[in-house]
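The primary structure of each chain is shown beneath.
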2 protein chains.
Amino acid sequence: MDGAERPFPTVEIVATGDELRLGEVVDTNSAFAARSLAAGGVEVSRVTVVGDSRSEIACAIREARARADVVLVTGGLGPTLGDLTREALADALGVEVETRPEALGEIERWLRRPLSELDRRQALAPRGAEMIPNRWGSAPGLKVRAGARTVYALPGVPHEMRGMFETSVLGEILSMRRSSSIATCHLVTHGLPESQVVARLSHLRTGDVALGTRARAGTITVRFLARAATREEAERRADSAADSAAKLLGEFVAGRGDRDMAELVAEELLSRGLRVAVAESCTGGLVAARLVGVSGISRVLVEAIVAYSNESKTNRLGVSAGLIAEKGAVSAEVARAMAEGARVRAGADIAVAVTGVAGPQGGTEAKPVGLVYLATASALGTEAAEHRFRGERDAIRERAAEEALWSLLREARRFASRPAGTRSA
Amino acid sequence: MDGAERPFPTVEIVATGDELRLGEVVDTNSAFAARSLAAGGVEVSRVTVVGDSRSEIACAIREARARADVVLVTGGLGPTLGDLTREALADALGVEVETRPEALGEIERWLRRPLSELDRRQALAPRGAEMIPNRWGSAPGLKVRAGARTVYALPGVPHEMRGMFETSVLGEILSMRRSSSIATCHLVTHGLPESQVVARLSHLRTGDVALGTRARAGTITVRFLARAATREEAERRADSAADSAAKLLGEFVAGRGDRDMAELVAEELLSRGLRVAVAESCTGGLVAARLVGVSGISRVLVEAIVAYSNESKTNRLGVSAGLIAEKGAVSAEVARAMAEGARVRAGADIAVAVTGVAGPQGGTEAKPVGLVYLATASALGTEAAEHRFRGERDAIRERAAEEALWSLLREARRFASRPAGTRSA
């Protein structure tokens, strides 16, 4: 089908780099671009990852151009001899590369030094290509239009790629839409396994709204994708399906929108002005780092104490050494004492505490790897819960941090529903 | 070329899932598999990401099988109607799917409940396929051999995929090697931009050792890949090239091996028994979380204080309120006071502190977004440094955390080279 007949351009991504192919680096650029496009109703249909090989890159570009209206290539625009996207793109288009004098000037201004032979490679471009300016690094991007097809090439360094994509590429691709009759919305849930979320929603009458789920660290996000004659109608249908789903999922709904648990918690805390403190052991700063990932959190986050040693639990959080000796650092009692100590010492409205065995060492029969205690403390009292997570060290820590954020969200809502007088000073 | 003639099997990955294609989830599974294989000298040549479409998955499997000896498919083995890898694999092989009674029993044992119609989908397999047991979840994997080609399919949930890959797939693929005449080694550097690392190494005579670099958060990792008649000879060549490179890079070498900065720091601290404390502001727990990512760190990490508010800097780290008022929370003086306070209060040998403006709000002309102060404190004294990082909030925080770990590594080495008497109690 020709691009002109479709309401939306089809997009493929070709991500290049031996570091991606060999798994040394995770390809976050493709997810970033795909997510930005999807928010505008344009879907990436395929991502192809190939190494730093001129022939492999050229081959992948040729194949992608045969299927898609737009091909986005990332990586391989740096100065080294392993950066071969310029030449590969020229091969795929059947043209030569040439040096662009104006680009040489730009590169020299960025590097603030005379250009070496390698530096000058960044000014190469396939004949007929436009250069895309780079305000975040030395390597310019490339854009080639041939017929109804467009190829963009951007550097692989994530912040350069992101800046250039948002500034120079995203808007152009979205402007190729011939209709905006698509809408997505999301519902974030926690506490039910994915299969039970799906089962609960299986009786939902959503008409032509497509449902998709994804699971991460115990949080299940449901996506509602609607197509209709107009954008407004599509949005109405997607929203309406999400509303019905939210009723079926009840207390397990964490929030609306394609947002992670930290964003949902931060929104709740910020909108209600609830000051928060965090006490972490096995998660080692992950809960705090997730919260600090949200801009503006400084208005409510007082502090986080990563009390990794028993002495720190005692000195910083006031957990009695006797309690630790009696119950063990990984216990509901110590989690409660950590949360209470964190709240009082920070003068916070709410505190959350995590202690557990992340493994791979340190597990016993009574306290196996994956055993995690979570506690929240507020003027409403202190609550603790025991969890047993499966998986490896990183998975257990990530899962525990997610659960801590979910506890915090529920406590913030519970707290917020009480009269203001119950808040601490 | 036929698989039997090559010394190493060629491997391609087909990663499936709308959540990957739409960028809602980053494909970490492929990187994990590729990295595990590369450690055994087997390289992944291409990764293809497609959505939850039976025809797209079947097409990607067919294409990959035409090029590679081994195809690893991930995702699409769950219970929902969007999980279509079983059917797509059957399509690609030209066979039917059938229900495996023995798998039904396994699934029921895992779920501990009577199976629903959807649950039973997980016992489907293409005719001729073997089932791969899953000790981490309900969905079994699949393995199909046809001629010299093998296709493996594993669930997309990361910890299930990883467990099954390591237990049932990796060893089989590595056993297909007909030679082990490949070796890689890595050198981790920090403090020089990638182009300068490359320039310094451009005069290195490495013979047939291939060099590759990758950059992340200011750390440049150089990979040396050698091929030779024997594994030992390949290892000798790669090591020798890395030795020569290390001499050329001098003080900028952080360590050997494909390890991240946190692992290198942890090794240094653990091997010397240096107790460490962390004080963070803008990084918000990232430095601690990186360290806690290393198993065994509890022997040396006392605590981390995420002093996100000024009151926390004062109460927890003893930074005088007057100093904060005079110099600002983001200043070399406050960074020094944070490091000193963290060290003394934790009774640690070394402390590192970070304070900065991560943005996007909060920047001023005098203290713009990206301005970060780092300090280390030990019995050797306190040192502070100013950095100006470019990029967005996440990039600045990640960059600052990396730099803090690098400071800690250098301080640990400097400290360790002094007589033991200078250590604190």
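Residues numbered from 1 in each chain as written. Chains lettered and ligands numbered in written order. Predicted model: local features only at pLDDT ≥ 70, side-chain atom pairs only at ≥ 80, totals over all residues.

What follows is about the overall build of chain A. Across its full length, chain A carries 15 helices and 17 strands. When the backbone C-alpha atoms are referred to their principal axes, chain A occupies close to 75 × 55 × 40 Å. In chain A, the share of contacts with a sequence separation of at least 24, taken over all contacts with a separation of at least 6, comes to 67%. (Helix = DSSP H or I, 4+ residues; strand = E, 2+ residues; numbered from the N terminus. Contact = placed C-beta atoms within 7 Å.)

Mapped onto the fold, Val 50 of chain A is located in strand β2 (residues 44–50). The residues contacting Val 50 of chain A, other than those within four sequence positions of it, are Val 14, Thr 16, Arg 21, Glu 56, Ile 57 and Ala 60 of chain A together with Arg 46 of chain B.

What follows covers the nonpolar core. Counting 177 residues, the largest nonpolar core has Met 338 and Ala 351 of chain A together with Met 338 and Ala 351 of chain B as its most contacted members. Counting residues per element, this core draws most heavily on helix α15 (residues 393–416) of chain A, at eleven residues. Discounting chain neighbours no more than four positions away, the residues touching Met 338 of chain A are Ala 279, Ala 307, Lys 313, Leu 317, Val 319, Ala 353, Thr 355 and Ala 375 of chain A. One finds Phe 8 of chain A together with Leu 77, Ala 125 and Val 144 of chain B within the second-largest nonpolar core, a separate group that totals 104 residues. (Core = buried A, V, L, I, M, F, W, Y, C linked by C-beta atoms within 7 Å. Buried ≥ 20, exposed ≤ 12 C-beta atoms within 10 Å, placed from the backbone.)

To continue, consider the interface of chain B and chain A. Contact with chain B, which involves 74 residues of that partner, is made by 74 residues of chain A. Top element by residues in the side of chain B that touches chain A is helix α2 (residues 28–39) of chain B. It accounts for eight residues. Counted by class, the side of chain B that touches chain A contains 33 nonpolar, 22 polar and 19 charged residues. Sheet topology places β2 of chain A next to strand β2 (residues 44–50) of chain B; five bridges connect them, and they run antiparallel. (Nonpolar A, V, L, I, M, F, W, Y, C, P; charged D, E, K, R; others polar. Pairing = 2+ DSSP bridges.)

This part is about the domain arrangement of chain A. In terms of domains, chain A is made up of domain 1 (3–174), domain 2 (182–256) and domain 3 (261–422). Placing the centre of domain 1 of chain A and that of domain 3 of chain A at their C-alpha centroids yields a distance of 43 Å. (Domains from an automatic or database assignment.)

The two copies are related by a screw motion: chain B maps onto chain A through a turn of 180° and a shift of 0.0 Å along the axis, at an RMSD of 0.0 Å. Such a combination of turn and shift is consistent with a two-fold rotation axis. Comparing interface residues between copies, 100% of those in chain B also sit at the interface in chain A, which points to an isologous, same-surface contact. (Least-squares fit on C-alpha atoms with pLDDT ≥ 70 in both.)

Attention shifts here to the sheet that holds strand β12 (residues 253–256) of chain B. All names here are of chain B. Spatially, β10-β11-β9-β12 is the arrangement adopted by the four strands of the open sheet, whose pairing is antiparallel. Bordering the open sheet on either side are β10 (210–216) and β12, each of which pairs with just one other strand. For this sheet the average axis-to-axis angle between neighbouring strands, irrespective of direction, equals 20°. Looking at chain direction, β10 and strand β11 (residues 219–227) are connected through seven bridges and run antiparallel. For Arg 216, the partnering residue across the bridge sits in β11 and is Thr 219. Strand contacts of helix α8 (residues 194–201): β9 (182–190), β10 and β11, with the helix running at about 160° to β10, the strand carrying the most contacts. (Axes fitted to C-alpha atoms, helices over the stretch in contact; angles between N-to-C directions.)

All names here are of chain A. As a packed pair, helix α8 (residues 194–201) and helix α9 (residues 231–249) sit with axes 9 Å apart at the nearest point and diverge in direction by 115°. Of the two elements, α8 crosses α9, and the hand of that crossing is right-handed. Across the interface between the two elements, Val 197, Arg 200 and Leu 201 from α8 touch Ala 245, Leu 248 and Leu 249 from α9. Taken together, the residues of the contact of α8 with α9 sort by class into five nonpolar, no polar and one charged. (Left-handed = near helix turned anticlockwise from the far one by under 90°.)

Bringing the confidence of the model for chain A into the picture now. All names here are of chain A. Mean pLDDT over chain A stands at 91; residues scoring 70 or higher make up 96%. Within the model, pLDDT remains below 50 along residues 421–425, and this stretch shows seven contacts once partners closer than five positions in the same chain are excluded. Across the interface, the model reports ipTM at 0.76; the global pTM reads 0.78. (pLDDT = per-residue confidence, 0-100.)

A word on the sheet that holds strand β6 (residues 130–132) of chain A. With mixed pairing, the twelve strands of this open sheet are ordered in space as β6(A)-β7(A)-β8(A)-β3(A)-β1(A)-β2(A)-β2(B)-β1(B)-β3(B)-β8(B)-β7(B)-β6(B). Since the sheet does not close on itself, it has two edges, and those belong to β6 of chain A together with β6 (130–132) of chain B, each with one partner. Recorded for the sheet is a direction-independent mean angle of 20° between the axes of neighbouring strands. Pairing geometry for β6 of chain B and strand β7 (residues 141–146) of chain B, over three bridges, is antiparallel. Among the inter-strand pairings, Met 131 of chain B is bridged to a residue of β7 of chain B, identified as Leu 142 of chain B. Sitting on the sheet, helix α4 (residues 85–93) of chain A is in contact with β1 (11–16), β3 (70–74), β7 (141–146) and β8 (149–154) of chain A, with an inclination near 5° to β7 of chain A. Sheet strands in contact with helix α4 (residues 85–93) of chain B are β1 (11–16), β3 (70–74), β7 and β8 (149–154) of chain B, and its direction is about 5° off that of β7 of chain B.

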